[in-house]
Amino acid sequence: MVRNYVNKERGVSNIPFQPNQKFWEIQKAFAAADVNALQNLLGPDVVDELTNGLAPSTLTLHNVSHEVRLANNTEFSIWYRFDDDGAEVNQVWHYEKFGGGVWKLNGIENV
């Protein structure tokens, strides 16, 4: 706890990856219908549901911002806000660490 406080005061980040970069990586894989890439990016709780019947599409997202909601050794949740074809979207994406220390998206919650 003390280490986290000191790191925060020094401006040292303890987030395991760049949230917007991961967001775009996943969104681009969905737009390309790249199931192989998504199998490496998605966890076991969502991979089958989110890749079933996937077809290529046009990416229409803009104005992406994020806020970290939970960060610990095995879970990382981010609240993303973005515009999708004119509609405002608010979602919390839940990432979990799997074998080999790989962070994968394992749940999406609409807020």
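A brief structural summary. (Residues numbered from 1 in each chain as written. Predicted model: local features only at pLDDT ≥ 70, side-chain atom pairs only at ≥ 80, totals over all residues. Heavy atoms only, no water.)

**A short note on the pattern of salt bridges**
Considering all chains together, one arrives at two salt bridges under this definition. When the shortest N-O distance is used, the salt bridge between Glu67 and Arg69 registers 2.5 Å. For Arg69, a relative accessible area of 46% gives the class partly exposed. What makes Glu67 partly exposed here is its relative accessible area of 31%. Each of Glu67, Arg69 and Arg81 takes part in one network of salt bridges that share partners. (Salt bridge = Lys/Arg side-chain N within 4 Å of Asp/Glu carboxyl O. Buried < 20%, exposed > 50% of the residue type's maximum accessible area, 1.4 Å probe, protein only.)

**Concerning the nonpolar core**
Of all hydrophobic cores here, the largest spans 21 residues; its most connected members are Ile26, Tyr80 and Tyr95. Put simply, the parts of the chain that give this core at least two residues each are helix H2 (19-31), helix H3 (35-41), strand S1 (61-71), strand S2 (75-84), strand S3 (87-98) and strand S4 (102-110). (Core = buried A, V, L, I, M, F, W, Y, C linked by side-chain atoms within 4.5 Å. Helix = DSSP H or I, 4+ residues; strand = E, 2+ residues; numbered from the N terminus.)

**Points about the packing of aromatic side chains**
Under the defined criterion, the tally for this structure stands at ten aromatic pairs. Consider the rings of Phe23 and Trp24, whose centres lie 5.5 Å apart with planes at 85°: the pair is edge-to-face. Residue Phe23 is classed as buried on the basis of its relative accessible area of 0%. Its relative accessible area of 24% is what places Trp24 among the partly exposed residues. When the ring of Phe23 is compared with that of Tyr80, the centres are 4.7 Å apart and the planes differ by 40°; the resulting orientation is tilted. Residue Phe23 is found in helix H2, and its partner Tyr80 is found in strand S2; the two are separated by 57 residues along the sequence. Tyr80 carries the same exposure label as Phe23, and that label is buried. (Phe/Tyr/Trp six-rings, centres within 6.5 Å; stacked < 30°, edge-to-face > 60°.)

**Digging into the layout of surface pockets**
In this structure, the second largest pocket encloses a volume near 250 Å³. In terms of lining, the second largest pocket is formed by 16 residues, of which the most central are Gln27, Phe30, Leu61, Phe82 and Asp84. Looking at the lining of the second largest pocket, the elements that each hand over two or more residues are H2, S2 and S3. Classifying every residue of the lining of the second largest pocket gives ten nonpolar, five polar and one charged. (1 Å grid on protein atoms, 1.4 Å probe; cavity = no way out; pocket = protein on both sides within 12 Å on 5 of 7 lines; lining within 4 Å. Points joined across faces, edges and corners; volume = space filled by probe spheres on them. Nonpolar A, V, L, I, M, F, W, Y, C, P; charged D, E, K, R; others polar.)

Any functional reading would require information beyond the geometric quantities listed.
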